[in-house]
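# Working through the structure, step by step
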Amino acid sequence: MENNRLIIPEYPLLISPGLANKLGLKEAIFLQQLHLYFTQKCHIIFNSKNWVCISCLEWQSQLPFWSLATIKRIIMKLKKRGIIDICNLTNLYLINYDKIYLE
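Residues numbered from 1 in each chain as written. Predicted model: local features only at pLDDT ≥ 70, side-chain atom pairs only at ≥ 80, totals over all residues. Heavy atoms only, no water.

## Some remarks on the pattern of salt bridges
- Throughout the structure, instances matching the rule amount to one salt bridge.
- Across the pair Glu27 and Lys77 runs a salt bridge whose closest N-O atoms are separated by 3.6 Å. Within this pair, whereas Glu27 is found in helix α2 (residues 25-40), its partner Lys77 is found in helix α4 (residues 68-80), the two being separated by 50 residues in sequence.
- Judged by its relative accessible area of 9%, Glu27 falls in the buried class.
- A relative accessible area of 47% places Lys77 in the partly exposed class. (Salt bridge = Lys/Arg side-chain N within 4 Å of Asp/Glu carboxyl O. Helix = DSSP H or I, 4+ residues; strand = E, 2+ residues; numbered from the N terminus. Buried < 20%, exposed > 50% of the residue type's maximum accessible area, 1.4 Å probe, protein only.)

## Considerations on the nonpolar core
- In terms of nonpolar packing, the biggest core is built from 26 residues, with Phe30, Leu31, Leu34, Trp59, Ile75, Ile84 and Tyr93 touching the most fellow members.
- Breaking this core down by element, the ones donating at least two residues are α1 (17-23), α2, α3 (56-62), α4, β3 (84-87) and β4 (92-95).
- At seven residues, α2 tops the list of elements feeding residues into this core.
- The residues contacting Leu34, other than those within four sequence positions of it, are Val52, Trp59, Ile84, Tyr93 and Ile95. (Core = buried A, V, L, I, M, F, W, Y, C linked by side-chain atoms within 4.5 Å. Contact = heavy atoms within 4.5 Å.)

## Considering a nonpolar patch on the surface
- On the surface, Leu13, Ile15, Leu25 and Phe65 cluster together into a nonpolar patch covering about 350 Å² of accessible area.
- Here Phe65 is to be found in the loop between α3 and α4. (Patch = residues over 30% accessible without salt bridge, like charges linked within 9 Å, V, L, I, M, F, W, Y side chains within 5 Å. Areas by Shrake-Rupley, 256 points an atom, 1.4 Å probe, with all protein chains shown as cover.)

## Remarks on the packing of α2 against α4
- Look at α2 against α4: their axes get within 10 Å of each other, and the N-to-C directions meet at 85°. Considered as vectors, α2 and α4 are oriented roughly perpendicular to each other. Where α2 approaches α4, its residues Lys26, Glu27 and Phe30 are matched on the opposing element by Thr70, Ile71, Ile74, Ile75, Lys77 and Leu78.
- Along the lines of polarity and charge, the residues of the contact of α2 with α4 split into five nonpolar, one polar and three charged. (Axes fitted to C-alpha atoms, helices over the stretch in contact; angles between N-to-C directions. Parallel < 35°, antiparallel > 145°, perpendicular 65-115°, else oblique. Nonpolar A, V, L, I, M, F, W, Y, C, P; charged D, E, K, R; others polar.)

Okay, here's the thing in structure tokens:
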């Protein structure tokens, strides 16, 4: 029964192998979590678009196995590739779904 301690009552991280192959494993994990926030959590309408508001510290609580610096690097890589947009003043995130499929 000792192995049962490894199974905890948390939602698992889901990762698309195709997305991980296309973007990188860390980027795919982060993007999937952002997508879950976008579809399940509160959105904010800003500049006629739906955004998700979450700080880097909140990301770290959601993804505690990564340092804050790692999370910031992942975010910047996705932003640089045009996969996400960020409104830094308010911690708003937007997924550019079309960009994922066009790459």
